[in-house]
Every structure is written in C-alpha cells, then in structure tokens.
Amino acid sequence: MAHCRHLTRMSDPRPVLFFDSGVGGLSVLAAARARLPLMPIVYAADSAGFPYGTKSEAEIAVRVPTLLGRLAERYRPRLIVIACNTASTIALAGVRAALDLPVVGTVPAIKPAAEASLTRAIGVLGTEATVRQAYVDNLAAQFAADCLVLRHGSADLVAAAEAKLRGEPVDPARYAAALAGLLDQPGGAEIDTVVLACTHFPLVQPELAATAPRPLGFVDGSAGIARRIAYLTLGQAWPDAPPEGIAVFTRLGPTEAALALALARHGLTRIEAL
C-alpha cells in the first residue's frame with residue numbers, strides 16, 4: 001500500500017519565485033535553498049527599476065504588484081517571496097490583494113536584534129525608503145520598546161553589494177561610511193547589534209564586520225523566511241532532483257550579464273529577460 005502511495009505521488013515542477021530590485025534577494029534564496037534543496041527557483045530582479053531605495057512609495061506601490069502579476073502569469077509559481085525590505089514594507093499588502101497565491105514578505109529583523117542586544121541599543125541599516133517607513137516604527141514599538149533604535153539609509157551600500165557580486169573591487173571606505181552613518185549618531189556608541197534591513201547587506205556582512213570600529217552583531221531575516229517557505233510548502237511534492245534555476249531581469253544588458261558567475265553559485269544557470 002505504501003508502495004502504491006509512493007507511485008501516485010507526482011513530482012511538482014512549480015517554482016518558488018524570489019523577487020528583488022537587484023541581487024540582494026540572493027541572501028534570502030541561499031537560506032531557502034539550504035533548507036529546501038529540491039526547490040525549483042525563479043529569481044526575478046527588477047533591474048530596469050533598480051534601486052528601489054531611492055524611489056517614492058507611490059512608484060513602488062504601483063510597480064511591484066504589476067511586475068509580480070506578469071511574473072506569476074509567465075512562471076506559475078507555487079509561492080512568491082518578496083526578498084526586498086523596501087518592496088515588502090511598501091507593497092506587500094497590494095501584492096497579496098492582487099494575486100491569488102501565498103506571498104511571503106521580508107521585514108527588518110528588529111525582534112531578534114532586540115532579543116540579542118545587551119546594551120539595549122540597536123541600529124537599523126537599510127535603504128532610505130525602508131528606514132523611514134511607519135512599518136519600522138511599529139516593529140520598534142512592538143519588539144524593541146526598551147531599546148534605543150537608530151536608523152540609517154545607505155544607497156551606496158546597495159551599489160557596493162551589487163559591485164561585489166559582479167566581481168568588481170570595492171573600496172573598504174564605503175562599508176565604513178555606511179556603518180558610520182549609524183554609529184556616529186548620538187547614542188550610536190552604545191549600539192551592539194545591527195539589523196541588516198536590506199537583503200543586499202548580508203552579502204557584504206564580512207566586509208562590514210571587517211571595517212567596523214568595534215565588534216558588532218549583525219542580524220537579518222533570511223533564516224526566518226526560509227522557515228516560512230518550508231511551512232507554507234509542507235506536504236507539497238518537489239522534483240526528484242534540483243532543476244535548473246532561472247534568473248529573469250526586467251532589463252538585460254552588460255551589467256546584468258556580469259552577474260552570471262554569482263548567479264550560477266546560487267543555482268541560477270539560465271538567464272532570461274522579462
């Protein structure tokens with residue numbers, strides 16, 4: 001009987017679709033792949049709209065649901081992960097209203113940072129668009145009410161992470177400057193834990209740690225997102241072997257082509273344009 005049940009269990013090729021403005025979502029993808037190695041993957045980067053962190057809320061709120069609608073129609077995913085803090089804090093509700101499938105968002109890991117902090121002072125390092133959101137105010141009030149919570153938005157750190165993945169040299173002073181935006185604020189000397197509130201930033205965590213003026217703890221939400229994907233797909237079938245991963249860009253040019261090696265390291269060996 002068990003053998004018959006095994007024979008009737010069909011392989012399910014539907015992918016999990018990860019979405020970001022650039023390649024920051026690879027930090028989330030890596031955690032998810034480690035937990036679900038047979039997961040079919042489509043990684044979508046809105047390279048034509050990159051970066052999101054300097055755009056208006058109104059633009060992101062319209063652009064993200066529209067793009068994800070097109071991507072869902074083409075790739076028929078079982079689940080979508082918005083692997084971008086900026087897009088999640090602004091457009092998650094709109095995407096969920098527009099699409100009839102599970103959507104997982106990415107939000108700043110303020111709760112685990114507050115749990116880890118001994119000095120009760122934490123920094124939130126993200127994009128300009130993310131750190132000014134009321135969503136972040138609410139997370140701080142709910143989970144870090146007894147902490148000093150300082151924020152800094154850095155567009156340059158996003159660009160540095162993209163450059164690193166293209167294999168380009170990056171001046172360490174750029175990492176130090178991003179941290180200084182947090183640590184040089186009044187009260188910043190007390191910070192012991194930094195929330196990496198942009199999915200690009202875990203990709204350069206070693207560089208941030210190396211240029212920090214003192215030891216700091218860094219936290220991000222990738223492990224929690226991986227657990228959420230596993231929960232939402234519990235009991236679903238996967239292919240028998242990991243299929244070829246697809247990376248899709250809204251603009252495909254030399255800059256995107258230069259990411260091919262980094263994408264391949266994450267199992268994304270096929271590159272397409274939307």
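Nothing here was measured: the structure is a model prediction, and the numbers come from that model. (Residues numbered from 1 in each chain as written. Predicted model: local features only at pLDDT ≥ 70, side-chain atom pairs only at ≥ 80, totals over all residues. Heavy atoms only, no water.)

Engineer: Give a detailed account of the overall build of the protein, specifying residues and quantitative values.
Structural biologist: Of the regular secondary structure elements, the protein holds 13 helices and 10 strands. Computed over C-alpha atoms, the radius of gyration of the protein comes to 19 Å, within 12% of the 19 Å expected from 2.2 N^0.38 for 274 residues, which places it in the range of a compact globule. When its C-alpha atoms are laid out on the principal axes, the protein stretches across 65 × 45 × 35 Å. Relative to its 274 residues, the protein shows a buried fraction of 52%. Excluding contacts between residues fewer than 6 apart, the proportion of contacts in the protein whose partners are at least 24 apart in sequence is 76%. Approximately 12,000 Å² of the protein is accessible, and the part contributed by carbon and sulfur atoms is 57%. Charge-centre separation for the protein: the mean point of 25 positive side chains lies 7 Å from the mean point of 24 negative side chains. (Helix = DSSP H or I, 4+ residues; strand = E, 2+ residues; numbered from the N terminus. Rg over C-alpha atoms; globule rule 2.2 N^0.38 Å. Buried < 20%, exposed > 50% of the residue type's maximum accessible area, 1.4 Å probe, protein only. Contact = heavy atoms within 4.5 Å. Areas by Shrake-Rupley, 256 points an atom, 1.4 Å probe, with all protein chains shown as cover. Lys, Arg positive; Asp, Glu negative; His and termini not counted. Charge placed at Lys NZ, Arg CZ, Asp CG, Glu CD.)

Engineer: Help me get a handle on the pairing of strand E1 (residues 16-20), residues and values and all.
Structural biologist: Within E1, 5 of the 5 residues are buried, which leaves the element mostly enclosed by the surrounding structure. Across 5 bridges, the pairing between E1 and strand E2 (residues 41-45) is parallel. Each bridged residue has a counterpart across the sheet, and for phenylalanine 19 the counterpart in E2 is alanine 44. Handedness of the crossover joining E1 and E2 through helix H2 (residues 26-35) is recorded here as right-handed. By the bridge criterion, 4 bridges tie E1 to strand E3 (residues 79-82) in an arrangement that is parallel. Residue pairing in the sheet places phenylalanine 19 in a bridge with isoleucine 82 of E3. (Pairing = 2+ DSSP bridges. Right-handed = clockwise from strand over helix to strand, strands pointing away.)

Engineer: How would you sum up the pattern of salt bridges? Please name residues and give values.
Structural biologist: As enumerated under the stated definition, the model contains 12 salt bridges in all. As a salt-bridge pair, arginine 132 and glutamate 57 come within 2.8 Å of each other at their nearest N and O atoms. Of the two residues, arginine 132 is situated in the loop between helix H6 (128-131) and helix H7 (134-143) and glutamate 57 in helix H3 (residues 57-75); the sequence distance between them amounts to 75 residues. Given the relative accessible area of 28%, glutamate 57 is considered partly exposed. Salt bridges sharing common partners tie together Arg74, Glu244, Arg270 and Glu272. (Salt bridge = Lys/Arg side-chain N within 4 Å of Asp/Glu carboxyl O.)

Engineer: Go over the sheet that holds strand E5 (residues 121-126) with me, naming the residues and quoting the values.
Structural biologist: Read across the sheet, 4 strands follow the order E6-E5-E7-E8 without closing on themselves; strand pairing throughout is parallel. Bordering the open sheet on either side are strand E6 (148-153) and strand E8 (217-219), each of which pairs with just one other strand. Across the sheet, the axes of successive neighbouring strands diverge by a mean angle of 25°, strand direction being ignored. Relative to strand E7 (residues 193-196), E5 is paired through 4 bridges, and the arrangement is parallel. For valine 124, the partnering residue across the bridge sits in E7 and is valine 195. (Axes fitted to C-alpha atoms, helices over the stretch in contact; angles between N-to-C directions.)

Engineer: Could you give an account of the packing of aromatic side chains, naming the residues involved and the relevant values?
Structural biologist: How two aromatic rings sit relative to each other is set out by the distance from centre to centre and by the angle between their planes. Scanning all chains against the criterion turns up 1 aromatic pair. Taking the centre distance of 6.4 Å and the plane angle of 45° together, the rings of phenylalanine 19 and tyrosine 52 count as tilted. Here phenylalanine 19 is found in strand E1, whereas its partner tyrosine 52 is found in the loop between E2 and H3, with 33 residues between them in sequence. Grouping residues by exposure puts phenylalanine 19 and tyrosine 52 together as buried. In this structure, arginine 78 is placed above the aromatic ring of tryptophan 238, and the distance from its NZ or CZ to the ring centre is 4.1 Å. (Phe/Tyr/Trp six-rings, centres within 6.5 Å; stacked < 30°, edge-to-face > 60°. Lys NZ or Arg CZ within 6 Å of the ring centre and 35° of its normal.)

Engineer: How would you sum up the nonpolar core? Please name residues and give values.
Structural biologist: Among the nonpolar cores identified, the biggest contains 29 residues, and Phe18, Leu26, Leu29, Met39, Val81, Ile229 and Leu268 are the most heavily contacted of them. Elements represented by at least two residues in this core include exactly E1, H2, E2, E3, helix H11 (222-232), strand E9 (245-249) and helix H13 (260-265). Once residues within four sequence positions are removed from consideration, methionine 39 is found in contact with Val16, Phe18, Leu29, Ala32, Arg33, Ile229 and Trp238. Core analysis: the next-biggest nonpolar cluster, separate from the first, contains 25 residues, Ala44, Tyr52, Tyr75 and Ile82 among them. (Core = buried A, V, L, I, M, F, W, Y, C linked by side-chain atoms within 4.5 Å.)

Engineer: Summarise the side chain of threonine 130; cite the residues concerned and give the values.
Structural biologist: Along the chain, threonine 130 turns up in helix H6. Classification of threonine 130 by relative accessible area gives buried; the value is 0%.

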